[in-house]
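# An overview of the molecular structure
Here's the letter readout for the chains.
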Amino acid sequence: MFRGIIFSTVVLLSQIVMGQSAIAVDKVVITVSDLDVSVPFYEEVLGFKKNQSFTIKGKELEQLLGIRNKNLSVTIVELQLGSETIALQEFDNELQDRPVPFDSKSNDHWFQHMAIAVSDMDKAYKKLWDAGVPHVSTAPQTLPAYITEAAGIKAFYFQDPDRHNIEIIYFPNGKGDPKWQQGDKGLFMGIDHTAIGIEKTEPSLEFYENILGLEAKGHSENYGPEQEHLNQVFGARLWITGLRAKKGIGVEFLDYIAPPGGRPYPKDSAPTDLWHWHTIIKVGNLKDAFLKLQQANATFVSNGIVNLNGTEQFMVRDVDGHAILITE
């Protein structure tokens, strides 16, 4: 199990200089098996628009992704929905594209999804139904009044062609970012957040708040039959923490109080695996962030800070194994 950062003592925490400010959670990047299949799905079913596509190769790519392959090449397509963007990446000549496990659940620690805000849940679900998307949820769920922080929110989980989980989410008045209440953004409005499966909230907060500088904005304890039907995890009871930087999408922790037994992120994971997501976070000072992560014994994917196409960046894993690309 990944334990890239060990926060076992107050002494270690006191050695880390706090206050690194994350400027933005910029986007998520998802590894896919075939861009010719995935891009039309995101465009035709979910309303994304293609911004640009490009191919990267060379030793700097090897260093950034921690892969030894002198022929390594990746094609990336950036897609926009509203004011947010994502990127899909396909490795052109790398065979280690292991699929998402068929029995993957949202309490497994490799789990990650993105949540698309919709203006009308019934219409959005009908479009997904007509497209024949694989269901994760049994149907759209409305969270009950006893879940105070999330009461009235409607949500539905489904999968893309590579079985990556996607959520559509409807925020009633008074819930979520006020921009989702404006009503002029179409049916699929934009990306609200990405959510990650974690083992425990406290070490994840130390990583994302005290080193990277995101700020916790709220918590919710979700449970009950609606949550079970949403996640397809029997007996689901989870502690959700929402974090944000100054700009960009949110990051949510999914800390399952029950059931136990969420599986760890595979130690031999690589960006070529189809369960791979990475979240791009922009910081104010790249070298400062790199130093703090070194001091905290983080697990680095990259071989140092890499200048790729004129941009300095590096990839690191959080305490549960989720990949993060840090750039200025």
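No experiment lies behind these values; they were computed from the predicted model shown. (Residues numbered from 1 in each chain as written. Predicted model: local features only at pLDDT ≥ 70, side-chain atom pairs only at ≥ 80, totals over all residues. Heavy atoms only, no water.)

## Brief notes about the packing of aromatic side chains
How we decide: Put simply, two rings from Phe, Tyr or Trp (the six-membered ring, in Trp's case) pair if the centres are within 6.5 Å, and we call them stacked under 30 degrees between planes, edge-to-face over 60, tilted for the rest. A positively charged side chain is recorded as over a ring if its NZ (Lys) or CZ (Arg) lies within 6 Å of the ring centre. The angle to the ring normal must also be within 35 degrees.
Applying the stated criterion to the full structure yields 11 aromatic pairs. Measuring from ring centre to ring centre gives 5.0 Å for F207 and Y208, while their planes differ by 70°; the resulting arrangement is edge-to-face. An aromatic cluster of three or more residues is present, and its members are Y125, W129, F156 and F158. The side chain of R237 reaches across the aromatic face of Y223, ending 4.0 Å from its centre.

## Concerning the pattern of salt bridges
Cut-off, in case you're wondering: By definition, a salt bridge exists where a carboxyl oxygen of Asp or Glu is found within 4 Å of a side-chain nitrogen of Lys or Arg. Counting from the N terminus, the helices are the DSSP runs of H or I reaching at least four residues and the strands are the DSSP runs of E reaching at least two. Note on exposure labels: buried denotes an accessible area under 20% of the residue type's maximum, exposed denotes more than 50%, and partly exposed covers the range between, all computed with a 1.4 Å probe on protein chains only.
Evaluation of the coordinates by the stated rule reveals 13 salt bridges. For D268, the salt bridge identified is with R98, shortest N-O distance 3.0 Å. You can see D268 sitting in the loop between β13 (250-258) and β14 (277-283) and its partner R98 sitting in the loop between β4 (84-91) and β5 (112-118), a full 170 residues away along the chain. We note a salt bridge from K126 to D130, for which the minimum N-O separation is 2.8 Å. Here the residue K126 and the residue D130 both occupy positions in helix α4 (residues 121-131), the gap between them amounting to four residues, near one helical turn. Each member of the pair, K126 as well as D130, carries the same accessibility label: exposed. Overlapping salt bridges, with partners in common, bring together D26, K27 and K282 in one network.

## A few points about unusual backbone geometry
The residue after A258, namely P259, is reached through a cis peptide bond having omega -5°. Looking at the element boundaries, P259 is found in the loop between β13 and β14. Non-glycine residue Q232 carries a positive phi angle of around 55°. Within the secondary structure, Q232 is located in the loop between α6 (225-231) and β11 (237-244). A relative accessible area of 33% means that Q232 is categorised as partly exposed. In the Ramachandran plot, N297 falls in the positive-phi region, its phi being about 60° despite a non-glycine side chain. Along the chain, N297 falls in the loop between α7 (286-295) and β15 (299-300).

## Notes on the nonpolar core
What counts here: Take the buried Ala, Val, Leu, Ile, Met, Phe, Trp, Tyr and Cys residues and link them wherever side-chain atoms come within 4.5 Å; each set so joined is a nonpolar core. Should any heavy atoms of two residues lie within 4.5 Å, those residues are counted as being in contact.
Core analysis: the biggest nonpolar cluster contains 58 residues, and Y42, L46, F48, M114, I168, L214 and I326 have the highest contact counts within it. When residues no more than four places from it in sequence are discounted, the contact partners of Y42 are I30, G47, F48, L79, I86, L88, M114, D160 and I166.

## A few points about the environment of A155
Looking at where A155 falls in the secondary structure, it is placed in strand β7 (residues 154-159). For A155, a relative accessible area of 3% translates into the label buried. With 45 residues separating them in the primary sequence, A155 and W110 have C-alpha atoms 21 Å apart.

## Overview of the pairing of strand β18 (residues 323-327)
The two faces of the sheet receive side chains in turn, since in a regular strand these alternate between them. The criterion, for reference: A strand pair is defined by DSSP finding two or more bridges across the two strands.
Counting buried positions along β18 gives five out of five residues, so the element sits mostly inside the fold. Of the two faces of β18, both are covered, the one formed by A323, L325 and T327 as well as the one formed by I324 and I326. Across five bridges, the pairing between β14 and β18 is parallel. Each bridged residue has a counterpart across the sheet, and for I280 the counterpart in β18 is L325. Both strand β17 (residues 311-317) and β18 contribute to a ladder of five bridges, which runs antiparallel. Looking at β18, one finds that M315 is bridged to L325.

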